[in-house]
Structures are given as C-alpha cells and as structure tokens.
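Chain residues, written in single-letter form:
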Amino acid sequence: MFNSFYKALSTNFDLPLHKINKNMYTLITNIKELLQIRKLDEDKISGKAMKILPTIKNAYLIIKNDTIFDFGKMENIPTIEADKIIDAKDKIVLPSWCDSHTHIVFAGNREGEFVDRINGLTYEEIANNGGGILNSAKKLQETSEAELFEQASKRIEEIMDLGTGAVEIKSGYGLTLAAELKILRVIKKLAKAYPIEIKATFLGAHAFPSEFKDDKEAYINLICDEMIPAVAKENLADFIDVFCETGYFSPNQTERILETGKRFNLIPKIHVNQFTSIGGVQVGIKFKALSLDHLEIMNPQDIEALKNTDTMPVALPSCSYFLSIPYTPARKIIDKGLPLALATDFNPGSTPSGNMNFVVATACIKMKMTPEEAINAATINGAYAMQLSKSHGSITIGKKANLIITKLIPSYGFIPYAFGSQLIDTVIINGDTV
Ligand code: NIG
Ligand code: FE
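Counting from 1, residues in each chain are numbered in the order their sequence is written. For naming, the first written chain is A and the first written ligand is 1, with later ones following in the order written. Confidence filtering applies because this is a predicted model: local features only for residues at pLDDT of at least 70, side-chain atom pairs given and counted only at 80 or more, and all residues used for totals across whole chains, interfaces and linings. Hydrogen atoms and water are omitted, and side-chain values are computed over all heavy atoms in the structure.

Peer 1: Quick question: what am I supposed to make of the domain arrangement of the chain here?
Peer 2: It is common to give the size of an interface as the accessible area that goes away when the parts come together. For every domain, the bounds stem from an assignment made automatically or drawn from a database. Once the domains are mapped, the chain shows domain 1 (2-95 + 393-433) and domain 2 (98-384). Between domain 1 and domain 2, the C-alpha centre-to-centre distance is 31 Å. The contact rule is simple, with two residues in contact once any of their heavy atoms fall within 4.5 Å. Of the residues lining the interface, 28 residues belong to domain 1; the matching set on domain 2 comes to 35 residues. For the pair domain 1 and domain 2, the two sides together bury roughly 2500 Å², of which 67% comes from carbon and sulfur. Only one rule defines a salt bridge in this text: a Lys or Arg side-chain nitrogen within 4 Å of an Asp or Glu carboxyl oxygen. Taken together, the connections running from domain 1 to domain 2 amount to one salt bridge. Notably, a salt bridge pairs Lys51 with Glu373, separated by 3.3 Å at the nearest N-O pair. As a working definition, buried area equals the accessible area (1.4 Å probe) given up by two parts on being put together, with both sides summed.

Shown next as structure tokens:
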C-alpha cells in the first residue's frame with residue numbers, strides 16, 4: 001500500500017546515476033524487525049541493560065550515501081525518491097558485526113598442529129616444542145608483504161560476507177622489528193583497499209622469539225626502544241597489546257610495555273587470563289585499558305577489579321571452542337553489572353575462524369547469554385572496544401550504514417538458534433551492498 005509514496009529515481013533519469021554529482025539514497029522497506037536502535041550517546045551497554053535489544057517492527061530505513069539517514073515505522077515512511085529500493089519483507093535488519101579482536105594478517109596455517117592436538121598433544125606442549133606463535137612467526141618472516149596482503153585480503157573478503165563491518169587487527173606474528181612493521185603496513189593497506197573499518201594494534205609482545213629465550217629483558221628492550229617508536233613514527237597502530245600470561249609476558253613486563261606505549265599514544269588492550277590469573281587484569285585497569293580480552297579464567301577479584309571502570313571485557317568463545325578450554329564466565333561478568341563484548345580472535349593457532357555469527361551462537365549456547373545480550377555484545381560493545389561507538393555498532397542516524405539483512409527468518413533469536421545455517425541475505429557496508 002505504500003508503493004505510491006516512493007519510487008526509484010533511476011527510472012526518471014536518462015543519465016546514468018554515477019555521472020550525476022548528487023546524493024545517493026537507498027530505501028529499505030517492509031523490514032520485519034529493525035534491531036539495535038540506539039541514541040548516539042549510548043556508547044556501551046552493561047549489566048541488566050544488555051538483556052534489552054531495542055527494535056522497531058515493520059520498519060523502513062533510508063541510507064544517504066554511506067550513512068544512516070532516517071528510519072522508523074512503515075506507516076510513517078516519508079515521501080522519498082530513492083536511487084535504490086530493497087524490499088526486506090520477512091527479513092530482519094541489524095547493524096553489521098563489530099569484531100574487536102583478530103589477528104587476520106598471518107601466513108599460511110597451522111593445520112598440522114590441529115592434527116597434533118587431535119592426537120593428544122596440548123596447545124602448551126606444541127608451543128613449548130617451538131610450534132604455536134613461533135611457528136607462525138617463522139612462516140610470516142619468510143612471506144613477502146605482497147603475499148601477506150593477498151592472503152589477508154581473502155580473509156577480509158570472507159568476514160565481510162559473514163556480516164562484519166568493523167574489525168581490529170593485531171600484529172604479533174612478526175616478532176622482529178621488520179616483520180612487525182610488515183604486518184602493520186599490510187593492515188594499513190587493507191584499510192585503504194576495503195570499505196570495512198579497520199583498527200590496528202601493535203602486539204610485538206605476543207611471544208618471546210627463541211633467540212631471546214635466555215634474555216627476555218633484551219626482547220622487552222627491543223619492543224620498547226625500537227619497535228614502539230618505529231610503529232608510532234609511521235603512525236601504524238591505534239592500540240598496543242601484550243599477551244600477559246604464564247610463560248609469556250609477566251604483569252611487570254606488561255606494565256613496562258604499556259607504559260612505553262602510552263608515551264607514544266598507543267591505547268592498551270591486553271590478552272589476559274586465557275590460561276591463568278596472574279594479575280594482568282589489575283595491570284589493565286591501572287593503565288585504563290580500552291579492553292581486556294580472553295578472560296577465560298577469572299577469580300572473584302578479577303571481576304571485582306573491572307567494576308566502575310571504562311574497560312570493556314571481551315570474550316572470545318570460538319577460541320574456547322577450538323582449544324577446548326573454559327568459556328569466559330559471561331553470566332558472572334554481566335550479572336555483576338559489567339558490560340561484555342564478543343569477538344572472534346581469528347588467528348591460525350587458537351581460532352582459525354572469523355565468523356561472528358558462530359561467535360554469537362556459541363555465546364548463547366555455551367556461555368548462557370541471551371540472544372539480546374549476545375547481539376549487544378557483538379555490535380555496540382564491540383564498537384566500543386575499538387573506539388568506534390560514535391560511528392558503528394547501532395542503528396542511529398548519522399552512523400555508518402553498515403547493515404546485515406537476514407534471509408527469511410521467524411525472529412532474531414534464530415540467528416544463534418540455527419547456529420550452523422547461513423542466514424545472511426545481504427551485507428551493506430558504508431551504504432554499498434557487498
Ligand atoms: O589470542 N593468546 C594469544 N594469542 C592468540 C593465539 C596465538 C596462536 O596460537 O597463534 C590468541 O588466542
Ligand atoms: Fe588473540
């Protein structure tokens with residue numbers, strides 16, 4: 001009945017639209033349910049509020065160029081001459097996923113170690129035998145920048161198809177000055193080549209290279225005296241990360257690295273409490289970390305330390321799934337009033353998957369998060385963990401038009417429920433269909 005109100009402008013012009021220097025409008029009509037409607041100042045959602053996912057049923061949405069221009073109930077649809085009309089009848093529209101923790105720039109794979117684990121070796125045993133991160137670092141050091149870009153491009157294209165519209169990518173498989181810079185330059189090139197929003201993190205402190213096995217201080221010096229200044233000089237990273245863990249970087253070493261990063265305006269995000277709780281959470285809080293990620297092993301003091309801070313806890317359920325380690329205690333975290341974000345951790349060793357749909361489903365199935373909590377965690381809270389909540393993570397006028405249009409599904413609960421199905425019909429990034 002609303003057809004008379006809008007029509008496709010392209011039919012009215014003889015000139016092709018791209019030749020006309022004008023604003024482009026896309027109208028999405030008959031949306032069964034439009035999810036995650038937020039005000040601009042709602043930068044993150046915490047505690048009980050995570051159970052609420054504000055929506056509009058039977059909605060329209062208008063995109064102007066690359067941004068969300070207007071939305072509302074179909075009965076209030078304005079008269080508009082749209083360049084493109086998408087009928088979303090029986091489909092759900094939501095903001096695209098915000099994946100705040102990945103290591104997408106890596107060389108090759110570690111399928112061999114996967115089989116070793118099936119045959120009984122542990123992740124730790126493999127790492128202690130020179131496998132793990134050091135295995136990936138060796139491969140990456142031998143791979144050219146062009147080849148790395150090629151491999152990472154495929155992964156970026158894959159995650160865009162899976163509905164991710166903003167992503168953080170870490171270095172950390174280089175572990176030499178040259179190789180770390182190589183990764184960060186590839187990240188910068190990816191950010192230029194693709195419409196997806198990309199944030200870069202320097203993770204030189206991912207593992208100790210074997211030549212520093214007996215002089216760990218020397219590697220910390222290399223990170224602080226050479227790597228961090230070089231990264232900052234080329235403006236290659238937004239954030240700095242450390243793998244704070246038994247056998248990797250101690251809380252004291254983490255402090256020194258974050259302190260140096262801070263002097264170069266690199267904001268901290270830490271890998272903490274993946275296998276053991278050794279005080280990394282407290283270091284993160286002390287340094288006002290933007291996010292603390294992993295958190296599989298949390299004691300009550302760790303959860304307490306996160307209260308009344310601006311730090312986003314980030315859970316990585318695909319990593320727990322792949323390594324068969326405990327899941328982050330989401331219920332304990334959220335029920336204490338804290339926020340929680342969900343991310344993939346896409347990397348060759350612990351999580352060879354960048355599928356945020358699977359992450360959302362696994363959070364519901366294994367971490368007892370409700371679909372509302374999981375969607376909040378994978379959109380607005382993920383955006384917060386990348387300092388992107390002003391532009392991404394919700395349906396808000398003025399934010400980027402980064403959207404997922406689902407296939408015909410009965411309700412949004414189907415996204416985690418039908419966990420193995422591909423439920424995405426269309427992905428829109430910056431106003432353009434992917
Ligand atoms: O986040 N935990 C540290 N780093 C990665 C995995 C490293 C690897 O095995 O390559 C992670 O799980
Ligand atoms: Fe990680």
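Next comes the rest of the description.
Peer 1: Would you mind showing me how to read the state of the cysteines here?
Peer 2: Here, disulfide denotes a covalent bond that connects the sulfur atoms of two cysteines. By definition, disulfides here are pairs of cysteine sulfur atoms that lie within 2.5 Å. By the definition in use, this model includes zero disulfides. Residue Cys364 stays outside any disulfide, its sulfur separated by 17 Å from that of Cys98, the closest cysteine. Here's how the labels work: a residue is buried when its accessible area is under 20% of the maximum for its type, exposed when over 50%, partly exposed in between, all with a 1.4 Å probe on protein chains only. A residue is classified by how much of its surface remains accessible, and Cys364, at 15% relative accessible area, is buried.

Peer 1: Which parts of the structure should I look at to understand unusual backbone geometry?
Peer 2: A positive phi angle, close to 55 degrees, is found at Asn30, a residue other than glycine. Relative to the elements of secondary structure, Asn30 occurs in strand 2 (residues 25-35). A relative accessible area of 25% places Asn30 in the partly exposed class. Of note, Asn273 is a non-glycine position whose phi angle comes to about 55 degrees, a positive value. Each helix corresponds to a stretch of at least 4 residues labelled H or I by DSSP, and each strand to a stretch of at least 2 residues labelled E; elements are numbered beginning at the N terminus. Along the chain, Asn273 turns up in the loop between strand 12 (267-272) and helix 8 (280-286).

Peer 1: Would you take a moment to explain a nonpolar patch on the surface for this structure?
Peer 2: Nonpolar side chains (Val, Leu, Ile, Met, Phe, Trp, Tyr) are joined into patches within 5 Å and like charges within 9 Å, using only residues with over 30% relative accessible area and no salt bridge. Per-residue accessibility takes into account occlusion by the displayed protein chains alone, with areas from the Shrake-Rupley method and a 1.4 Å probe. The grouping of Phe114, Val115 and Ile118 at the surface amounts to a nonpolar patch, some 260 Å² of accessible area in total. Looking at the secondary structure, you find Val115 in helix 1 (residues 111-118).

Peer 1: Would you mind showing me how to read the site of ligand 1 here?
Peer 2: What surrounds ligand 1 is a group of 15 residues, the closest being Arg110, Tyr123, Tyr173, Gln274 and Ser350. In isolation ligand 1 offers 330 Å² of accessible surface; the protein chains occlude 100% of this area. Considering only residue class, the shell around ligand 1 consists of four nonpolar, nine polar and two charged. When we say a residue is near a molecule or strand, we mean one of its heavy atoms is within 4 Å of it. The nonpolar class holds Ala, Val, Leu, Ile, Met, Phe, Trp, Tyr, Cys and Pro. Asp, Glu, Lys and Arg form the charged class, and all remaining residues, Gly among them, are polar.

Peer 1: How should the environment of Glu211 be read in this particular structure?
Peer 2: Here Glu211 lies in the loop between strand 10 (197-205) and helix 6 (216-233). Taking C-alpha positions, Glu211 is 29 Å from Val281, a pair spaced 70 residues apart along the chain.

Peer 1: Could you clarify how one ought to interpret the nonpolar core in this entry?
Peer 2: Nonpolar side chains tend to gather and get buried jointly when the protein is soluble and globular. Among the buried residues, those of types Ala, Val, Leu, Ile, Met, Phe, Trp, Tyr and Cys that are joined through side-chain atoms within 4.5 Å form a nonpolar core. In this structure, Ile156, Phe249, Ile257 and Met369 are the most contacted members of the largest nonpolar core, which totals 100 residues. Among the domains, domain 1 (2-95 + 393-433) and domain 2 (98-384) are the pair contributing at least three residues each to this core. Once residues lying within four places of it in the same chain are set aside, the contact partners of Met369 are Met50, Ala330, Arg331, Ile334, Leu340, Leu342, Ala363, Cys364, Ala374 and Ala377. In terms of nonpolar packing, the next biggest core, distinct from the first, is built from 18 residues, Ile37, Ala59, Ile63 and Val93 among them.

Peer 1: What's the story with the pairing of strand 13 (residues 291-294) in this structure? I'm lost.
Peer 2: Regular strands have side chains that alternate between both faces of the sheet. In this analysis, strands are considered paired if DSSP registers two or more bridges between them. Where strand 12 meets strand 13, four bridges bridge the pair, whose relative direction is parallel. Looking across to strand 13, one finds that Ile270 is bridged to Leu292. Looking down the strands as they point away from you, a crossover is right-handed if its path from the first strand over the helix to the second goes clockwise. Regarding topology, helix 8 serves as the crossover connection from strand 12 to the parallel strand 13, and that connection is right-handed. Strand direction decides the pairing type here: strand 13 and strand 14 (residues 312-315), joined by three bridges, are parallel. Residue pairing across strands places Leu292 opposite Pro313, the latter belonging to strand 14.

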